[in-house]
Amino acid sequence: MTADGDPNDEPVVHLTRYVGPWPDDDKDGNFKADVALYARTNPMRTIRNLASAIDVPEGAIVRYVLAKWASEGASGLLELGPTMTRRLHAVCTEAEAAANDDARLAAYHQLRQMLSWLHHPLEHPDVYDT
């Protein structure tokens, strides 16, 4: 349902690339910088591939992604997502339960690998190019 209450009126959103500028003292500068970081990516490649793979319309996937992420809460969790946050936390919880330095060191290496995987598209934005 749209803001005017019509359940049949589907919203249309244009995926606009935003790269600034913004003043150095902008209280939202960090968020704007993050938005600009993703200006070079094409999220529709992933959307199209997922939609095709599971036979769901692209617009339904986009709606799902927007609704899921917009309703997740704190920006840290919003950025990382609940599933990955739980995975990362589980590594630490298991290491602390073992209560020894070997387990903690193994957890560090596992977290490092997981974060490296998450960081890869930031260093290689072309992985999302069509």
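Refer to the structure printed above.
As a starting point, this report considers the structure included with it.

**A look at the pattern of salt bridges**
- On inspection of all chains with the given rule, the structure shows 6 salt bridges.
- Put simply, Glu58 and Arg48 hold a salt bridge, and the shortest N to O gap is 3.8 Å. Residue Glu58 is located in helix α3 (residues 58–70), and its partner Arg48 is located in helix α2 (residues 44–54); the two are separated by 10 residues in the primary sequence.
- For Arg48, a relative accessible area of 39% corresponds to the partly exposed category.
- Between Arg104 and Glu96 there is a salt bridge whose closest N-O contact spans 3.1 Å.
- Residue classification places Arg104 among the partly exposed positions, given a relative accessible area of 33%.
- When its relative accessible area of 46% is taken as the criterion, Glu96 is described as partly exposed.
- Put simply, Glu96, Asp101 and Arg104 are held in one network by salt bridges that share partners.

**Regarding the nonpolar core**
- Formed by Met84, Leu88, Val91, Ala95, Ala103, Ala107, Leu111 and Met114, the largest nonpolar core amounts to 8 residues.
- Elements with a minimum of two residues in this core: α5 (82–98) and α6 (101–123).
- Residues contacting Ala107, with those up to four places away along its chain left out, are Val91 and Ala95.

**Quick word on the environment of Gly59**
- Take Gly59: it is sitting in helix α3.
- Since its relative accessible area comes to 48%, Gly59 is described here as partly exposed.
- Separated by 47 residues in sequence, Gly59 and Val12 place their C-alpha atoms 9.8 Å apart.

**A closer look at the packing of aromatic side chains**
- Applying the stated criterion across every chain yields a total of 1 aromatic pair.
- Ring plane angle 20° and centroid distance 6.1 Å describe the contact between Tyr18 and Trp22, whose orientation is recorded as stacked.
- For Tyr18, a relative accessible area of 29% puts it in the partly exposed group.

About the thresholds
- Residues numbered from 1 in each chain as written.
- Predicted model: local features only at pLDDT ≥ 70, side-chain atom pairs only at ≥ 80, totals over all residues.
- Heavy atoms only, no water.
- Salt bridge = Lys/Arg side-chain N within 4 Å of Asp/Glu carboxyl O.
- Helix = DSSP H or I, 4+ residues; strand = E, 2+ residues; numbered from the N terminus.
- Buried < 20%, exposed > 50% of the residue type's maximum accessible area, 1.4 Å probe, protein only.
- Core = buried A, V, L, I, M, F, W, Y, C linked by side-chain atoms within 4.5 Å.
- Contact = heavy atoms within 4.5 Å.
- Phe/Tyr/Trp six-rings, centres within 6.5 Å; stacked < 30°, edge-to-face > 60°.

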